[in-house]
Amino acid sequence: MDALTKLNVLGLVLSAVLVAMACVKADRVRAWRRNVNPSGPELPDSAFVAARLLFLGLAGLGVYAAVQGFGVSDRASWSDDELTSAVRQAADDLDGFTFQADDAGHPLAFTDYASLIEEKVYEYGGGDAPEYGVTVDSAGGNTAGDSSFTVTADGADGAFCTRVQRTRSTKDDYTPPGITGGEGTLTYPGYRLAVSVRDGEC
């Protein structure tokens, strides 16, 4: 439970206390006052009515603030359902994804697999999921052709292992036109991804 959620829960508890105070009978308060200060003046009924209205008004404000706070908290962190759905949809989207790379094998359209996965998870996070807080950690022993990444997010307890396998795809090669508009001499090799996901860390 994050700090904002704890604050919201505290607000609800305080509101409940205020409602309980508003329900205390006037005779019980008068008896308590006589025991504490026998010479004190009697409180009129109007004072109790005003106090009850004040307590109930403050309790209502507290409940309203807590409900709004829960909405903010939900939008500020990931839930397990949001992360599960986003990771699985991201894997489905990336499965069969094609791209070109330079001579060194570096992708031209994105920086690396981790950033590509992160971008897709945000894309499928849904309306209540924040656009931050996702972590994609590379597993040990990754290679250009076979890599695994652990995906987690702030607020969610779950973790997912996303495996990315790259295969050569000659039909996806790209040869840009030459300077004079004719056929170019440089060809960027094409690749295709096979992406799968399972529960738990890699």
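In this numbering scheme, every chain counts its residues from 1 along its sequence in written order. Local features in this predicted model are restricted to residues whose pLDDT is 70 or higher, and side-chain atom pairs enter the listing and the counts only when it is 80 or higher, whereas totals over whole chains, interfaces and linings include all residues. Only hydrogens and water are set aside; all other atoms, that is, all heavy atoms of the structure, feed into the side-chain values.

Another aspect to go through is the sheet that holds strand 2 (residues 134-138). Strands sit in the order 1-5-4-3-2 across an open sheet of 5 strands; the sheet is antiparallel. For this open sheet the edge positions go to strand 1 (98-100) and strand 2, each flanked by a neighbour on one side alone. Each strand axis lies, on average, 30 degrees off the axis of its neighbour in the sheet, ignoring direction. Each pair of strands is called paired provided DSSP finds at least two bridges between the two strands. Each helix corresponds to a stretch of at least 4 residues labelled H or I by DSSP, and each strand to a stretch of at least 2 residues labelled E; elements are numbered beginning at the N terminus. By the bridge criterion, 9 bridges tie strand 4 (residues 160-168) to strand 5 (residues 190-199) in an arrangement that is antiparallel. By the bridge assignment for strand 5, Gln 165 is matched with Ala 194. In the packing of helix 4 (residues 80-94) onto the sheet, the strands contacted are strand 3 (146-153), strand 4 and strand 5, and the crossing angle to strand 5 comes to about 155 degrees. Geometry is summarised by axes, namely lines fitted to C-alpha atoms with helices restricted to the contacting stretch, and by angles between N-to-C directions that run from 0 to 180 degrees. A contact between two residues is defined here by any heavy atoms of the two lying within 4.5 Å.

What follows covers the state of the cysteines. Disulfides are defined as cysteine sulfur pairs within 2.5 Å. By the definition in use, this model includes 1 disulfide. The disulfide partner of Cys 161 is Cys 202, and the S-S distance across this bridge is 2.1 Å. One disulfide, between Cys 161 and Cys 202, carries an S-S torsion of 110 degrees and so falls in the right-handed class. Highlighted residues: Cys 161 in strand 4 and Cys 202 in the segment after strand 5, separated in sequence by 41 residues. Categorising residues by exposure relies on relative accessible area from a 1.4 Å probe, with only protein chains included: less than 20% of the type maximum marks a residue as buried, more than 50% marks it as exposed, and the intermediate range marks it as partly exposed. Residue classification places Cys 161 among the buried positions, given a relative accessible area of 6%.

The working definition used for a salt bridge is a side-chain nitrogen of Lys or Arg within 4 Å of a carboxyl oxygen of Asp or Glu. The full count for this structure, using the stated rule, is 6 salt bridges. Between Lys 120 and Glu 123 there is a salt bridge whose closest N-O contact spans 3.5 Å. Placement of the pair is Lys 120 and Glu 123 together in helix 5 (residues 113-123), with a separation of 3 residues, close to one helical turn. The salt bridge partner of Arg 168 is Asp 173, with a shortest N-O separation of 2.6 Å. The partly exposed category is assigned to Arg 168, whose relative accessible area is 43%. Under the relative-accessibility criterion, Asp 173 is labelled partly exposed at 29%. The network of salt bridges with shared partners includes Asp 93, Lys 120 and Glu 123.

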